[in-house]
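Secondary and tertiary structure notes
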Amino acid sequence: SSAAKGRDAEELARETLTRYTRDIEKAAYPRIKKIIAKANKQLKETKAKFDLDNFSGVVWIVNDNNLYLTIENQLAIVSRILASEFYSSVDSVVLSNLNMQIVKAEDDVPHLYWVPIFRSGISEKTWQSVHYLGHCWQEHIRKVFEIPESSNTMCGHGEIKGFIGFSNIKYT
């Protein structure tokens, strides 16, 4: 366009990618919000029925077929949802993968990931339980699904620093 002709190419490319990322998140937001809303309703009803007010609720989202939604996108979406008060029965959302792997470059090995995102003010007990569950899950899927040892395991704590630049690939 005529507006783009006088601009720096790198700056224009960076703006385009930022806009693309926002568009991806906008498209995925309603689906992830629906998953968390449904889980919140189930958790709230279960807590009420069994009088479990002091128990925490964890939602586990496994990315197994979505090539375009990166961990960075998922973290941004889930963090926004957990920041609201509408889903108060959900204390944590875990993002992980199984049939898909992530890689940083063509020569990098595929990775499994486990990224718990916590609502502010959660207890140490909830934090420990979610991380213990993650460790057990990764050991289990390595054995049952025969995930090769060359596939690394990455665990984040709601931070994207370690996941920047990764992309999804199908696991064969």
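Our structure's up above, just so we're on the same page.
On a predicted model such as this, the values are computed, not experimentally measured, just so you know.

1. A word on the overall build of the chain
On a plain count of helices and strands, the chain comes out with four helices and six strands. Going from N to C terminus, the chain has its helices and strands arranged as α-α-β-α-β-β-β-α-β-β. Seen through its C-alpha atoms, the chain measures out along the principal axes to roughly 65 × 40 × 25 Å. Across the 172 residues of the chain, 37% fall into the buried class.

2. What to know about unusual backbone geometry
The backbone phi angle of Asp-51 is positive, close to 55°, even though this residue is not glycine. Along the chain, the position of Asp-51 falls in the loop between α2 (9-50) and β1 (58-63).

3. Points about the pattern of salt bridges
For the coordinates displayed, the defined rule picks out two salt bridges. A salt bridge links Arg-7 to Glu-11; the nearest nitrogen and oxygen atoms lie 3.0 Å apart. On the accessibility criterion, Arg-7 (31% relative accessible area) is partly exposed. Salt-bridge contacts for Glu-15 lead to Arg-7; the nearest nitrogen and oxygen are separated by 2.4 Å. Residue Glu-15 is classed as partly exposed on the basis of its relative accessible area, which comes to 32%. Beyond isolated ion pairs, a larger network of salt bridges with shared partners links Arg-7, Glu-11 and Glu-15.

4. Points about a nonpolar patch on the surface
Side chains of Leu-17, Tyr-20 and Tyr-68 sit close together on the surface and give an oily, nonpolar patch of about 350 Å² of accessible area. Residue position: Tyr-68 is located in the loop between β1 and α3 (71-83). By relative accessible area, which is 42% here, Tyr-68 ends up partly exposed.

5. Examining the packing of aromatic side chains
The final tally for this structure, using the stated rule, is four aromatic pairs. Arranged with centres 4.9 Å apart and planes meeting at 85°, the rings of Trp-60 and Trp-137 form a pair that is edge-to-face. Taken together, the positions of Trp-60 in strand β1 and Trp-137 in helix α4 (residues 124-144) put the pair 77 residues apart, joining distant regions of the chain.

Criteria and cut-off values
- The written sequence of each chain sets the order in which its residues are numbered from 1.
- Residue-level local features of this predicted model are given only where pLDDT is at least 70; pairs of side-chain atoms are given and counted only at 80 or more, and the full residue set underlies all totals for whole chains, interfaces and linings.
- Note: side-chain values were computed over all heavy atoms of the structure, leaving out hydrogens and water.
- For the purposes of this entry, the term helix denotes a DSSP run of H or I that reaches at least four residues, the term strand denotes a run of E that reaches at least two, and both are numbered from the N terminus.
- Note on exposure labels: buried denotes an accessible area under 20% of the residue type's maximum, exposed denotes more than 50%, and partly exposed covers the range between, all computed with a 1.4 Å probe on protein chains only.
- Whenever Lys or Arg places a side-chain nitrogen within 4 Å of a carboxyl oxygen from Asp or Glu, that contact is recorded as a salt bridge.
- Patch construction takes residues with relative accessible area above 30% that form no salt bridge. Like charges are linked within 9 Å, and nonpolar side chains (Val, Leu, Ile, Met, Phe, Trp, Tyr) are linked within 5 Å.
- For every accessible area listed, the method is Shrake-Rupley and the probe measures 1.4 Å; residues are considered covered only by the protein chains on display.
- Stacked, edge-to-face and tilted are the three classes for Phe, Tyr and Trp ring pairs, Trp counted by its six-membered ring, which pair at centre distances within 6.5 Å; planes under 30 degrees apart are stacked, over 60 edge-to-face, the rest tilted.

Function cannot be read off these values alone, since they describe shape.
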